[in-house]
Amino acid sequence: IGRIRSLAQSADGTICTVYGNIRSHLDVSLINSFGGDGVGLFRTEFLLLEKKIGKFSIDLQQEEYRVALEKNKGKEMVFRLFDIGGDKADISDFKNEVNPALGLRGVRFLLANPDILVGQLTALMKASGCRELKILLPMVSDSSEVLQVNSVIKEVALGLRSQTGEMLTRILVGSMLEVPSSVWIREAILELVDFVSIGTNDLIQYFFAIGRESEQDYTFFQPTHPAFLNIIHNIAISAKKMGKPVILCGEMASNPLYTPLLLGLGIRIFSSSPREIAQIKHVIDKVDIKEATQHAQ
Ligand code: PEP
Ligand code: MG
């Protein structure tokens, strides 16, 4: 554990990727020391929740993203746009909703607050320079949300180009699949994006109608329920069919007990908490995917 290592490869030779999830640039070195392949999920809202940046300051965001990219040494980094609301609602100035988990959360919040969305996109594009930029949309429940954000991304990129005269950053856009409606229409969403990422924490919450904070209540919070495994398998099938990468970035990705099962369901890209990366890679190295697939079936 802790050694620098290469990509994980299953016993039968399939290359897999294990990224880490971060909350600020401070976590990037942890991923490096546990042999991660990059950052699969930057939960940028924690910059606000943990008061690492002032309220939506574009300059402070830009500096935070620039440092994170620098520490990541050219490896992949997926920036998820602010997932504000729900269990991450504790940001002043916004009204508390009666039922925040079912309210103005993630991409809904961003589309309702275009200044915040444009500010974050500006900071991300400026920090990336002409490098490739990967942006992930939280809590997508309908393809119209992806279309709307895509058009804002285009506007911001064109605006920056006309201001600076610089080349456009290459931008790849991904959608979280963590709301059942978006899973149901996954192929329509896959058409519009470059990659998808399964958020098992919220997907379990909204699928079984059990609060994610009730994780201790295993009666209802069931990552291995056959109905839920079927969902993961079907997402993997659709993504493969459409030639788009699928990352699994919820807590399920951080538990090595689930790794063989997830491989058997078709997952090849994991994003776990940084400290689990070496262990997850170690398990992948031991698994024969054909056998895992039979077990998963
Ligand atoms: C998830 O919902 O599984 C996820 C990765 O996002 P978050 O835990 O930040 O809501
Ligand atoms: Mg989530």
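This write-up is about the structure you can find in this document. Quantities reported herein were computed from a predicted structural model and do not represent experimental measurements.

Along its length, the protein chain carries 13 helices and 9 strands. Against the 2.2 N^0.38 benchmark of 19 Å for 297 residues, the protein chain shows a C-alpha radius of gyration of 19 Å, consistent with a compact globule. Principal axes of the C-alpha set define a box for the protein chain whose edges measure 55 × 45 × 35 Å. Going through the 297 residues of the protein chain one by one, you find that 53% of them count as buried. By element, 54% of the accessible surface of the protein chain is carried by carbon and sulfur atoms, the whole surface being about 13,300 Å². Charged side chains of the protein chain number 32 positive and 34 negative; the gap between the two group centres comes to 4 Å.

Further remarks concern helix α3 (residues 58–71). Here α3 is 14 residues long and its end C-alpha atoms lie 20 Å apart, about the 20 Å a rise of 1.5 Å per residue gives. Every buried residue belonging to α3 is among Q61, E64, Y65, V67, A68 and L69, and all of these are buried. Residues of α3 that are buried sit in contact with α1 (28–33), β3 (38–43), α2 (45–49), β4 (76–80) and α5 (114–128). Taking the backbone nitrogen of D59 as reference, a side-chain oxygen 3.5 Å away marks S57 as the first, capping residue of α3. K73, located one to two residues past α3, shows a positive phi value of around 55°.

Next up on the list: empty space enclosed by the protein. Under the counting rule described, the total for this entry stands at 1 cavity of 30 Å³ or more. When its volume is computed, the largest cavity comes out at roughly 70 Å³. If you list the elements that add at least two residues to the lining of the largest cavity, you get β3 and α9 (200–208).

This part covers the nonpolar core. With 80 residues, the main nonpolar core has F42, Y65, L81, L121, I232 and L262 as its most contacted residues. The residues contacting F42, other than those within four sequence positions of it, are I22, R23, S24, H25, L47, E64, Y65, A68, M77, V78, F79 and R80. With 10 residues, the next largest nonpolar core counts L172, M176, I247 and C249 among its residues.

Here we take up the coordination of the magnesium ion (ligand 2). Note on metal geometry: ideal angles are 109.5 degrees for four donors arranged tetrahedrally and 90 or 180 degrees for six donors arranged octahedrally. Every protein donor of the magnesium ion (ligand 2) is accounted for by E178 (OE) and D202 (OD), and the metal-donor separations fall at 2.0 to 2.1 Å. Of the two residues, E178 is situated in the loop between β6 (171–177) and α7 (180–184) and D202 in helix α9; the sequence distance between them amounts to 24 residues. Both residues of the pair, E178 and D202, belong to the buried class.

Time to look at the packing of aromatic side chains. Centre distance and the angle of the planes are the two values used to describe a pair of aromatic rings. Under the counting rule described, the total for this entry stands at 6 aromatic pairs. Here F207 and F208 contribute two aromatic rings whose centre-to-centre distance is 5.0 Å and whose plane-to-plane angle is 70°, an arrangement assigned as edge-to-face. Seen from the ring of F46, R23 lies directly overhead, with NZ or CZ sitting 3.8 Å from the centre.

A few words on helix α6 (residues 143–164). Given a rise of 1.5 Å per residue, 22 residues ought to cover 32 Å, and the 32 Å separating the end C-alpha atoms of α6 matches this to within 8%. Every buried residue of α6 is accounted for by S143, E145, V146, V149, V152, I153, V156, A157 and L160. Residues of α6 that are buried in the fold lie against α4 (107–112), α5, β5 (133–137), β6 and α8 (186–192).

Surrounding ligand 1, one finds 15 residues, the nearest of these being R43, R80, K88, N201 and R212. Measuring from an oxygen atom of ligand 1, one finds a backbone N or O atom of G199 at 3.4 Å. Contacts to ligand 1 include T200, whose backbone N or O atom sits 3.0 Å from an oxygen atom. Here ligand 1 occupies the largest cavity. The set of elements that each furnish at least two residues to the shell around ligand 1 consists of β3 and α9.

Before going further, it helps to spend a moment on unusual backbone geometry. One non-glycine residue, K73, lies in positive phi territory at about 55°. Within the element layout of this structure, K73 appears in the loop between α3 and β4. Since its relative accessible area comes to 64%, K73 is described here as exposed. Its identity is not glycine, yet A209 carries a phi of approximately 55°, on the positive side. By secondary structure assignment, the location of A209 is in the loop between α9 and α10 (226–241). Residue A209 is classed as exposed on the basis of its relative accessible area, which comes to 71%.

Calculation rules
Residues numbered from 1 in each chain as written. Chains lettered and ligands numbered in written order. Predicted model: local features only at pLDDT ≥ 70, side-chain atom pairs only at ≥ 80, totals over all residues. Heavy atoms only, no water. Helix = DSSP H or I, 4+ residues; strand = E, 2+ residues; numbered from the N terminus. Rg over C-alpha atoms; globule rule 2.2 N^0.38 Å. Buried < 20%, exposed > 50% of the residue type's maximum accessible area, 1.4 Å probe, protein only. Areas by Shrake-Rupley, 256 points an atom, 1.4 Å probe, with all protein chains shown as cover. Lys, Arg positive; Asp, Glu negative; His and termini not counted. Charge placed at Lys NZ, Arg CZ, Asp CG, Glu CD. Expected span 1.5 Å × (residues − 1). Contact = heavy atoms within 4.5 Å. Polar contact = N/O pair within 3.5 Å; in protein donor to acceptor, adjacent residues only side chain to side chain. 1 Å grid on protein atoms, 1.4 Å probe; cavity = no way out; pocket = protein on both sides within 12 Å on 5 of 7 lines; lining within 4 Å. Points joined across faces, edges and corners; volume = space filled by probe spheres on them. Core = buried A, V, L, I, M, F, W, Y, C linked by side-chain atoms within 4.5 Å. Donors = N, O, S within 2.8 Å, 3.2 Å for Na, K, Ca; no water. Phe/Tyr/Trp six-rings, centres within 6.5 Å; stacked < 30°, edge-to-face > 60°. Lys NZ or Arg CZ within 6 Å of the ring centre and 35° of its normal. Near = heavy atom within 4 Å. Sits in = over half its atoms within 2 Å of the grid points.

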